[in-house]
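# Structural overview
The lines below spell out each chain.
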Number of protein chains: 6
Amino acid sequence: MILLTRKAEFSASHYYWVPEWTEEENRRAFGKCANRNGHGHNYTLEVTVAGEIDQKTGFVVDLKELKDVIEREVMSVYDHRHLNLEVPEFASKMPTTENIAIAIWDRLDGKIAGAKLHRVRVYEMADLFADYYGEQ
Amino acid sequence: MILLTRKAEFSASHYYWVPEWTEEENRRAFGKCANRNGHGHNYTLEVTVAGEIDQKTGFVVDLKELKDVIEREVMSVYDHRHLNLEVPEFASKMPTTENIAIAIWDRLDGKIAGAKLHRVRVYEMADLFADYYGEQ
Amino acid sequence: MILLTRKAEFSASHYYWVPEWTEEENRRAFGKCANRNGHGHNYTLEVTVAGEIDQKTGFVVDLKELKDVIEREVMSVYDHRHLNLEVPEFASKMPTTENIAIAIWDRLDGKIAGAKLHRVRVYEMADLFADYYGEQ
Amino acid sequence: MILLTRKAEFSASHYYWVPEWTEEENRRAFGKCANRNGHGHNYTLEVTVAGEIDQKTGFVVDLKELKDVIEREVMSVYDHRHLNLEVPEFASKMPTTENIAIAIWDRLDGKIAGAKLHRVRVYEMADLFADYYGEQ
Amino acid sequence: MILLTRKAEFSASHYYWVPEWTEEENRRAFGKCANRNGHGHNYTLEVTVAGEIDQKTGFVVDLKELKDVIEREVMSVYDHRHLNLEVPEFASKMPTTENIAIAIWDRLDGKIAGAKLHRVRVYEMADLFADYYGEQ
Amino acid sequence: MILLTRKAEFSASHYYWVPEWTEEENRRAFGKCANRNGHGHNYTLEVTVAGEIDQKTGFVVDLKELKDVIEREVMSVYDHRHLNLEVPEFASKMPTTENIAIAIWDRLDGKIAGAKLHRVRVYEMADLFADYYGEQ
């Protein structure tokens with residue numbers, strides 16, 4: 001078994017806001033991130049798959065297919081979007097780095113022919129990232 | 001004369017939209033960037049100053065002061081903001097990488113004690129940046 | 001369960017020297033690193049915590065608290081210090097990348113409210129790093 | 001137990017070509033990578049070893065020895081070479097990122113005094129890498 | 001006037017060989033780079049254009065057009081190619097980083113609508129790059 | 001004319017201290033950098049040379065010679081050293097990023113056969129660097 005990882009980038013807006021809380025409570029918890037006009041990031045996504053190497057091609061997974069799945073399931077929905085306002089899973093969940101990693105896992109899991117999704121890593125900035133390995 | 005450069009980062013939202021154009025014209029010109037919910041970036045700013053070295057301290061400029069000026073004049077206004085909606089200079093100008101570089105120049109020029117502003121570089125993403133050297 | 005990682009940087013001096021060895025033995029084992037005036041690095045620290053996501057906030061851990069703990073327990077003691085001369089754990093232990101990772105683990109373990117310390121990674125330079133997952 | 005990782009870089013050429021397939025089949029499967037004049041990459045290799053820390057030196061492994069083993073077993077064979085034409089293991093196997101990681105594992109495994117090979121990671125480009133942990 | 005820079009990457013093979021020299025002379029001058037099977041790199045290209053900002057759009061140049069020109073004039077010819085064997089300008093010139101920068105300048109100069117080509121930078125590896133500003 | 005740049009790295013210690021000032025004045029001016037045990041950095045050096053391309057080889061300068069000059073004139077003196085205590089030019093000058101850039105210029109200027117030294121850039125950290133172009 002071997003692991004293969006592909007990176008991709010998307011640019012998106014978000015804010016942090018708990019509707020049950022007052023403005024003051026949100027400000028105290030999330031600081032500048034509670035600004036409801038939103039702010040944004042260049043997110044970096046790493047998708048890791050695990051599998052056996054095809055003896056003929058030497059590949060675990062068809063790289064073009066992997067790229068297409070990431071494009072179709074994630075990029076076309078997240079890139080250049082406001083996560084809170086336009087991406088369904090964040091209508092009721094906060095678009096934190098942790099929740100984005102889980103949401104991307106759910107979008108990709110079971111869609112990659114011939115390999116198992118192993119890990120989703122999401123960087124919000126170079127100094128902050130989340131890793132999700134699925135439910136275990 | 002020597003040049004000294006300090007980097008800083010801010011996260012902000014923006015969109016591209018020419019009010020005199022129809023939605024279709026804006027879409028054609030700016031693609032996904034015309035989405036008015038906004039999308040965002042981790043911008044990297046490089047501020048370069050030019051000056052003579054102080055013989056005693058060996059510095060062109062007091063690094064803490066330089067950091068404070070950048071914080072006060074740029075970061076406190078741009079970071080975690082929606083550029084179109086919250087930063088005055090972009091009420092009437094498109095927040096392109098080029099215009100952001102010029103706007104930051106205008107905010108910093110003349111404010112750095114003991115040195116001359118030489119260049120402002122702004123990265124919107126790792127593969128796109130603008131350089132401004134002031135009017136010449 | 002999900003993992004969240006935050007990076008931080010500190011600049012410090014160190015040298016490698018086994019007191020029971022002669023200068024020649026130290027030079028042979030450690031080369032230029034045995035220079036007792038010390039040399040230095042920009043260390044990069046990655047702190048990874050594991051936990052459950054708070055359903056309301058979407059966070060595994062309060063990011064500001066995590067930053068404060070890293071600042072208080074590590075940065076304030078290591079940054080701009082000579083590790084051999086000023087940091088207690090290296091009075092009797094060599095400040096190698098490996099030992100630094102373990103020492104930082106010991107400083108942080110049990111101090112992060114609501115999450116478990118999962119991994120400490122320390123880069124001495126871009127091409128050399130150590131990972132510690134605690135005693136297992 | 002602790003993990004220590006060292007990076008190294010090599011520049012090499014390769015192409016993808018299954019001899020049992022026609023030119024058209026190869027083109028369809030591998031696109032531009034099927035060009036038999038070859039194309040090349042700056043590969044980045046990360047070698048991770050696991051072991052106990054020597055109480056006297058504070059090291060898991062002698063860093064110079066580790067560098068020498070990587071140089072002798074991998075760099076001297078792969079660097080500035082055409083992988084398909086000059087490296088024996090790729091006479092009959094495709095030099096994909098996955099197969100390169102396994103081949104480097106096989107070259108290094110058992111050769112690092114005092115520590116166990118834990119992982120080999122190979123980056124073909126910044127956005128594509130393979131990880132191999134040995135047969136398990 | 002403002003400068004805008006866009007990066008792109010291509011992967012290619014090359015070797016260094018002066019036909020008038022013996023194998024020994026080539027080896028002495030170019031070391032491993034004289035291996036005629038070729039070796040390769042992930043080249044990074046930075047294209048900088050200079051111009052006036054369009055008052056309506058805020059852009060110096062249409063980014064999509066700039067990308068298309070780079071794709072058509074450079075990427076489609078250089079990417080996944082053996083520079084010595086497949087790219088016409090290197091039939092009689094060595095594909096050094098310097099010559100690649102000049103050749104890309106010649107390919108792009110005069111083709112970028114509304115802006116002047118200002119600089120071409122080519123990285124062969126992260127630690128080696130050439131800059132060309134045209135004939136002056 | 002074309003420019004060629006080569007990077008190199010060195011690890012060194014330093015501190016900031018003006019002997020005519022009291023401890024309190026030094027602390028006020030330099031903060032943690034005034035700690036006389038020293039602290040350290042992984043410095044990155046970029047050496048840019050300008051020249052004409054040799055029509056036969058395609059090179060502005062022999063890359064191995066350039067590397068050797070940098071090694072002999074800079075690396076062997078600065079790497080793994082305490083700049084204040086061991087490098088002669090910093091006995092009487094503060095080892096700031098600015099002064100290090102000038103000192104490296106003075107060490108390299110006139111020593112690079114066949115090309116002119118154009119610029120010396122020194123990064124103290126990823127977010128701080130100085131550029132020196134010689135006296136003009």
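For the structure itself, look to the data block above.
Residues numbered from 1 in each chain as written. Chains lettered and ligands numbered in written order. Predicted model: local features only at pLDDT ≥ 70, side-chain atom pairs only at ≥ 80, totals over all residues. Heavy atoms only, no water.

This part covers the overall build of chain A. A tally of regular secondary structure across chain A gives four helices and five strands. Counting from the amino terminus, helix and strand elements in chain A follow one another as β-α-β-α-β-α-α-β-β. The C-alpha extent of chain A, read off along each of the three principal axes, is 60 × 30 × 25 Å. Here chain A, with 136 residues, has 63% of them falling under the buried criterion. Of the roughly 5,800 Å² of accessible surface on chain A, a fraction of 48% belongs to carbon and sulfur atoms. (Helix = DSSP H or I, 4+ residues; strand = E, 2+ residues; numbered from the N terminus. Buried < 20%, exposed > 50% of the residue type's maximum accessible area, 1.4 Å probe, protein only. Areas by Shrake-Rupley, 256 points an atom, 1.4 Å probe, with all protein chains shown as cover.)

According to the stated counting rule, one finds 76 salt bridges over all chains in the structure shown. Across the salt bridge formed by Glu46(A) and Arg119(A), the nearest N and O atoms sit 3.1 Å from each other. Here the residue Glu46(A) occupies a position in strand β2 (residues 39-51), and Arg119(A) occupies one in strand β4 (residues 116-125), the gap between them amounting to 73 residues. Each member of the pair, Glu46(A) together with Arg119(A), is buried. Here Asp79(C) and Lys32(F) are joined by a salt bridge, their closest N and O atoms 2.7 Å apart. Of the two residues, Asp79(C) is situated in the loop between α2 (63-78) and β3 (81-82) and Lys32(F) in the loop between α1 (23-30) and β2 (39-51); the pairing between them involves two chains. Each of the salt bridges in this network shares a partner with another, and the network as a whole consists of Lys7(A), Glu46(A), Arg119(A), Arg121(A) and Asp131(A). (Salt bridge = Lys/Arg side-chain N within 4 Å of Asp/Glu carboxyl O.)

Attention shifts here to the relation of the copies chain D and chain E. Note on the copies: chain D fits chain E at an RMSD of 0.0 Å, the axial shift is 0.0 Å, and the rotation between them is 180°. Taken together, the rotation and translation relating the two chain copies correspond to the operation of a two-fold axis. Closest approach to the rotation axis among the C-alpha atoms of chain D is made by Gly40(D), whose C-alpha sits 1.7 Å away. (Least-squares fit on C-alpha atoms with pLDDT ≥ 70 in both.)

Before going further, it helps to examine the relation of the copies chain B and chain A. Put simply, the second copy of the chain is the first one after a rotation about an axis and a shift along it. Once turned by 180° and shifted 0.0 Å along the axis, chain B lies on chain A with an RMSD of 0.0 Å. A shared interface surface links the copies, since 100% of the contact residues of chain B are contact residues in chain A too. (Contact = heavy atoms within 4.5 Å.)

Over all C-alpha pairs, chain B and chain D never come within contact, reaching a minimum spacing of 13 Å. Here chain C and chain E are not in contact; the least distance found between their C-alpha atoms is 13 Å.

A few words now on the interface of chain B and chain A. The accessible area lost on association of the parts is a frequent measure of interface size. With 21 residues of chain B in contact, the opposing surface of chain A contributes 21 residues. Between chain B and chain A, a total of about 1,800 Å² is buried, with carbon and sulfur atoms accounting for 45% of that surface. The largest per-residue losses of area from chain B upon contact with chain A belong to Asn37(B), Asn42(B) and His80(B), which jointly make up 33% of the total buried on that side. Across the contact surface, chain B and chain A share two salt bridges. Across the chain B-chain A interface, the total number found is 20 residue pairs in polar contact (both at pLDDT 80 or more). Listed by contribution, the elements that provide at least two residues to the side of chain B that touches chain A are β1 (2-14), β2 (39-51), β3 (81-82), α3 (83-86) and β4 (116-125) of chain B. Its residues placed into classes, the side of chain B that touches chain A shows four nonpolar, 11 polar and six charged. (Buried area = accessible area lost by both parts, 1.4 Å probe. Polar contact = N/O pair within 3.5 Å; in protein donor to acceptor, adjacent residues only side chain to side chain. Nonpolar A, V, L, I, M, F, W, Y, C, P; charged D, E, K, R; others polar.)

Ranked by internal contacts, the top residues of the largest apolar core, which has 140 residues, are Tyr78(A) and Tyr78(D). Once you skip the residues sitting within four places of it in the chain, Tyr78(A) turns out to touch Phe10(A), Ser11(A), Ala12(A), Leu83(A), Val87(A), Glu89(A), Phe90(A), Ile100(A), Ala103(A), Ile104(A) and Arg107(A). Of all hydrophobic cores here, the second largest spans 139 residues; its members include Phe10(B), Phe10(E), Val49(F) and Ile53(F). (Core = buried A, V, L, I, M, F, W, Y, C linked by side-chain atoms within 4.5 Å.)

Our focus in this paragraph is the interface of chain D and chain E. In this complex, chain D contributes 21 residues to the contact, which on the side of chain E involves 21 residues. Buried surface at the junction of chain D and chain E, both sides included, amounts to about 1,800 Å², of which 45% is carbon and sulfur. When the buried surface of chain D facing chain E is broken down by residue, Asn37(D), Asn42(D) and His80(D) rank first, second and third, together holding 33% of it. Across the chain D-chain E interface, the total number found is two salt bridges. Applying the counting criterion to the chain D and chain E interface returns 20 residue pairs in polar contact (both at pLDDT 80 or more). Every element with two or more residues in the side of chain D that touches chain E is listed here: β1 (2-14), β2 (39-51), β3 (81-82), α3 (83-86) and β4 (116-125) of chain D. Along the lines of polarity and charge, the residues of the side of chain D that touches chain E split into four nonpolar, 11 polar and six charged.

The buried count for strand β5 (residues 128-132) of chain D comes to five of five residues, which makes it a mostly enclosed element. Residues Leu128(D), Ala130(D) and Tyr132(D) line one face of β5(D) and the alternating positions Phe129(D) and Asp131(D) line the opposite face, and both faces are buried. In this structure, strand β1 (residues 2-14) of chain A lies alongside β5(D), joined through four bridges in antiparallel fashion. By the bridge assignment for β5(D), Leu3(A) is matched with Asp131(D). Bridge analysis of β4(D) against β5(D) gives five bridges, and the strand direction is antiparallel. When the bridges of β5(D) are listed, Tyr123(D) appears paired with Phe129(D). Adjacent in sequence and paired antiparallel, β4(D) and β5(D) are bridged by two residues. (Pairing = 2+ DSSP bridges.)

A separate point is the packing of helix α2 (residues 63-78) of chain F against helix α4 (residues 97-108) of chain F. All names here are of chain F. Running from amino to carboxyl end, α2 crosses α4 at an angle of 135°, the nearest separation of the two axes being 10 Å. Between α2 and α4, the angle is such that the two are oblique. The handedness of the crossing between α2 and α4 comes out as right-handed. Here Val69, Ile70, Glu73, Val74, Val77 and Tyr78 of α2 come into contact with α4, specifically with Ile100, Ala103, Ile104, Arg107 and Leu108. Of the residues assigned to the contact of α2 with α4, the class counts are nine nonpolar, no polar and two charged. (Axes fitted to C-alpha atoms, helices over the stretch in contact; angles between N-to-C directions. Parallel < 35°, antiparallel > 145°, perpendicular 65-115°, else oblique. Left-handed = near helix turned anticlockwise from the far one by under 90°.)

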